[in-house]
Amino acid sequence: MNVRSKLGLALAASLALNANASVITLQVATTSPAAQASAAAYKLAVDAAIANPAAYKGSKSVAVYDNLAVKNYFGAFSNYAFESTINFGVTAAQAGTWNFRTGVDFGYGGALFVDGVVLGYNTHDMWWANNYGTANGSLQGAINLAAGNHVMKVYGLEGCCDGGQQAQFKAANAADYRTFASNDTLNAVPEPVSIATFGLGAGAMALIRRRRRKPA
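A brief structural summary. If you're wondering where the values come from, they're calculated on a predicted model, not measured in any experiment.

Quick look at the packing of aromatic side chains
All told, the structure shown has 11 aromatic pairs when counted by the stated rule. Relative to Tyr 132, the ring of Trp 128 has its centre 4.8 Å away and its plane inclined at 50°; by these criteria the two rings are tilted. The same class applies to Trp 128 and to Tyr 132, which are both buried. Between Phe 169 and Phe 180, the ring centres sit 4.8 Å apart and the planes meet at 50°, which makes this aromatic pair tilted. One end of the pair, Phe 169, is in strand 11 (residues 166–170); the other, Phe 180, is in the loop between strand 12 (178–179) and helix 4 (192–213), with 11 residues separating them in the sequence. Taken as a pair, Phe 169 and Phe 180 share a single burial class, namely buried. In textbook terms, an aromatic cluster arises when at least three aromatic residues are bridged by ring pairs, as seen for Phe 88, Trp 98, Phe 100, Phe 169 and Phe 180. Above the ring of Phe 77, the side-chain terminus of Lys 57 is found at 5.3 Å from the ring centroid. Over the face of the ring belonging to Tyr 177 we find Arg 101, whose NZ or CZ atom lies 3.8 Å from the ring centre.

In structure tokens:
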């Protein structure tokens, strides 16, 4: 295989690896849970628990953010801090006002962020009972998103056993909510590393062409 073919395959592989849709990651740590006064306080409390090596239970990748129970990924235990991170992409055609919601089971409340912006928090004992209309059951909000990569974060504190959670989005101009999943309808844009790889590959290919044109 010649150099140009190898560069082409490497570039295609790089872009393909970043063509995935949503990437969902969970982190959990034991803690002494307590209701917090603000969304920022929930973030600080959860981050502090996760940063503690003695309390940290690990990180898990999830295919679908639906019927998501901590015990199914980390084992059954009580008194824990929960953090989920969803990385997703927005194309130019999808840019605009997006709506987000997550049905949770947080005995001491929780908070919802997108790109570091607070979309909602609740200090009550929260359980959505598989219905977004349940009082104190979900965290919801809307935000204007431009084309590019974005991050949704959910923070929560639980003192007992956990029930199945869900997280959904409604893209700009979309009629319905969709559940976050690794095969959802979102189109992630290439990460900076892929853009750099593209630039390096294009530069190398141009160099090859120039060398072939150069007289002997």
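Overview of the pairing of strand 10 (residues 148–158)
Counted residue by residue, strand 10 has 8 buried out of 11 residues, so it is predominantly covered. Note: strand 3 (residues 80–90) against strand 10, 11 bridges, orientation antiparallel. From the neighbouring strand, Phe 82 faces strand 10, where its bridge partner is Gly 156. When strand 6 (residues 110–114) meets strand 10, the two strands line up antiparallel, connected through 5 bridges. Counterpart to Ala 111 in the pairing with strand 10 is Tyr 155.

Considerations on the pairing of strand 11
Burial analysis of strand 11 places 4 of its 5 residues in the buried class, the great majority of the element. Sheet topology places strand 4 (residues 96–103) next to strand 11; 5 bridges connect them, and they run antiparallel. Bridge pairing links Gly 103 to Gln 166 in strand 11.

The rules behind these values
- Residues numbered from 1 in each chain as written.
- Predicted model: local features only at pLDDT ≥ 70, side-chain atom pairs only at ≥ 80, totals over all residues.
- Heavy atoms only, no water.
- Phe/Tyr/Trp six-rings, centres within 6.5 Å; stacked < 30°, edge-to-face > 60°.
- Buried < 20%, exposed > 50% of the residue type's maximum accessible area, 1.4 Å probe, protein only.
- Helix = DSSP H or I, 4+ residues; strand = E, 2+ residues; numbered from the N terminus.
- Lys NZ or Arg CZ within 6 Å of the ring centre and 35° of its normal.
- Pairing = 2+ DSSP bridges.

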